[in-house]
Amino acid sequence: MIDLHTHSTASDGSDSPEALAAMGKAAGLALMALTDHDNTDGTAGFLAACRREGLCGVAGIELSAEVAEGSLHILGLGIDAASEPLQENLTRVIEGREWRNAQMLERLNELGLELTWAEIADLAGQDLISRAHFALALINRGYVSTVAEAFELYLGKGAPAYVDRFRFYPEECIRMIHEAGGIAVAAHPFSWAQDRNILAENLEALKEKGIDGMEVYYSAYSLEERLDLLRIAARLNLQPFAGSDYHGEAKAEIALGAPETPPETEAAIRRLLQQCPGTVWS
Ligand code: AMP
Ligand code: MN
Ligand code: MN
Ligand code: MN
């Protein structure tokens, strides 16, 4: 079993990078990537733990790309996290997030909700502050009872406290991943478009911009959905990838380990990652 899409406490997951490596080993993973949102803070600890555990580990990242419709996330796998251009670009994303966070807090306060920056920052600890932390703060204050309600009433796209944040265009995401020696993969493609024809057209355009692969064996997708994606991947000659999008307690329904992946797909993924700087082979 392999898993090339997981989150740690460095973004919105609940397990530390080191704990993730140990859990991956215990779950019988043969190959595992850490792909936190917008930052690589966990990768050094993760790779070191993979080395100790005797697990093949991959340094990765998940970037949100600026697209007209739907949402496109791009995974960078096997990246050299020390790449300076990559880190400079990530700083821009994180600054954009901080600006957005401040604006959202202001809007919530204007809506009459008493909430302070300290409460939200406390909840996030060392982690990147996301809307998920805003949701928890709203629950703690008793303004809402669930995360879903927080997004519906205040934080989701189109809701009164929602503020958009800076994202790089897809071609910029792909370029910064390639410059850092990594492989660029379209994550959970149905978030971009559910119509199979539109999705295929979108992915074809993304392939022209240099995308290397697309997630097919993704935990939340049914067998039928995976088959649809597999057909698109075959037609566009894009490498299928496999991941769970594990977040720990934050999304407790998702377990570590991608859905069953054909051995030849696993072998092809390994061959691609073999050439990347951010991979530890055990
Ligand atoms: P951010 O990156 O700060 O915009 O926040 C994105 C995070 O918010 C995601 O990782 C999700 O965990 C969470 N999120 C986004 N939309 C929803 C939603 N509709 N319901 C629950 N959680 C959501
Ligand atoms: Mn997430
Ligand atoms: Mn995603
Ligand atoms: Mn993810």
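For the structure, check the block above.
Please read these numbers as outputs of a predicted model, since none were measured by experiment.

With respect to the coordination of the manganese ion (ligand 4)
Line of reasoning, step 1. The manganese ion (ligand 4) binds to the protein through His5 (NE2), His7 (NE2), Glu62 (OE) and Asp245 (OD), with metal-donor distances spanning 2.1 to 2.2 Å.
Line of reasoning, step 2. Here the manganese ion (ligand 4) and the manganese ion (ligand 2) are spaced 4.8 Å apart. Residue histidine 5 is located in the loop between strand S1 (2-3) and helix H1 (17-26), and its partner aspartate 245 is located in the loop between strand S7 (239-243) and helix H10 (263-274); the two are separated by 240 residues in the primary sequence.
Line of reasoning, step 3. Taking relative accessible area as the criterion, histidine 5 reaches 0% and is therefore assigned buried.

A word on the coordination of the manganese ion (ligand 3)
Line of reasoning, step 1. Donor atoms from the polypeptide that bind the manganese ion (ligand 3) are Glu62 (OE), His73 (ND1) and His188 (NE2), placed at 2.1 to 2.2 Å.
Line of reasoning, step 2. One chain supplies every donor for the manganese ion (ligand 3), spaced along it as E-x10-H-x114-H.
Line of reasoning, step 3. Separating the manganese ion (ligand 3) from the manganese ion (ligand 2) is a gap of 5.9 Å. Of this pair, glutamate 62 sits in strand S3 (residues 56-65) while histidine 188 is found in the loop between strand S5 (183-186) and helix H8 (196-208), placing the two residues 126 residues apart along the sequence.

A look at empty space enclosed by the protein
Rolled over the atoms, a probe sized like a water molecule indicates the empty space that remains.
Line of reasoning, step 1. Going through the model one piece at a time under the given rule, you end up with one cavity of 30 Å³ or more.
Line of reasoning, step 2. The computed volume of the largest cavity comes to approximately 50 Å³.
Line of reasoning, step 3. Around the largest cavity, the lining residues are Asp38, Leu63, Ser64, Val93, Arg165, Phe166, Arg167, Phe168 and Cys173.
Line of reasoning, step 4. Its residues placed into classes, the lining of the largest cavity shows five nonpolar, one polar and three charged.

Topic: the packing of H8 against helix H9 (residues 223-236)
The packing of two helices is summarised by the inter-axis angle and the distance between the axes.
Line of reasoning, step 1. In the contact formed by H8 and H9, the axes pass within 10 Å of each other and the chain directions differ by 40°. Looking at the two axes, H8 sits oblique to H9. Between H8 and H9 lies a crossing whose hand is right-handed. Mapping the contact onto sequence places Arg196, Leu199, Ala200, Leu203, Glu204 and Lys207 in H8 and Glu225, Asp228, Leu229, Ile232, Arg235 and Leu236 in H9.
Line of reasoning, step 2. Considering only residue class, the contact of H8 with H9 consists of six nonpolar, no polar and six charged.

Thoughts on the environment of arginine 141
Line of reasoning, step 1. Position of arginine 141 relative to the elements: it lies in the loop between helix H5 (131-140) and helix H6 (147-155).
Line of reasoning, step 2. When the C-alpha atoms of arginine 141 and leucine 105 are compared, they prove to be 14 Å apart, with 36 residues separating the residues in sequence.
Line of reasoning, step 3. Excluding residues within four positions of it along the chain, arginine 141 makes contact with Glu114, Leu115, Thr116 and Glu119.
Line of reasoning, step 4. Reaching out from arginine 141, the side chain makes a polar contact with the backbone oxygen of glutamate 114 at a distance of 3.1 Å.

As for a nonpolar patch on the surface
Line of reasoning, step 1. A contiguous nonpolar patch, built from Leu123, Leu136 and Val147 and spanning about 200 Å² of accessible area, is present on the exposed surface.
Line of reasoning, step 2. Within the secondary structure, valine 147 sits in helix H6.

The rules behind each value
Residues numbered from 1 in each chain as written. Chains lettered and ligands numbered in written order. Predicted model: local features only at pLDDT ≥ 70, side-chain atom pairs only at ≥ 80, totals over all residues. Heavy atoms only, no water. Donors = N, O, S within 2.8 Å, 3.2 Å for Na, K, Ca; no water. Helix = DSSP H or I, 4+ residues; strand = E, 2+ residues; numbered from the N terminus. Buried < 20%, exposed > 50% of the residue type's maximum accessible area, 1.4 Å probe, protein only. 1 Å grid on protein atoms, 1.4 Å probe; cavity = no way out; pocket = protein on both sides within 12 Å on 5 of 7 lines; lining within 4 Å. Points joined across faces, edges and corners; volume = space filled by probe spheres on them. Nonpolar A, V, L, I, M, F, W, Y, C, P; charged D, E, K, R; others polar. Axes fitted to C-alpha atoms, helices over the stretch in contact; angles between N-to-C directions. Parallel < 35°, antiparallel > 145°, perpendicular 65-115°, else oblique. Left-handed = near helix turned anticlockwise from the far one by under 90°. Contact = heavy atoms within 4.5 Å. Polar contact = N/O pair within 3.5 Å; in protein donor to acceptor, adjacent residues only side chain to side chain. Patch = residues over 30% accessible without salt bridge, like charges linked within 9 Å, V, L, I, M, F, W, Y side chains within 5 Å. Areas by Shrake-Rupley, 256 points an atom, 1.4 Å probe, with all protein chains shown as cover. Salt bridge = Lys/Arg side-chain N within 4 Å of Asp/Glu carboxyl O.

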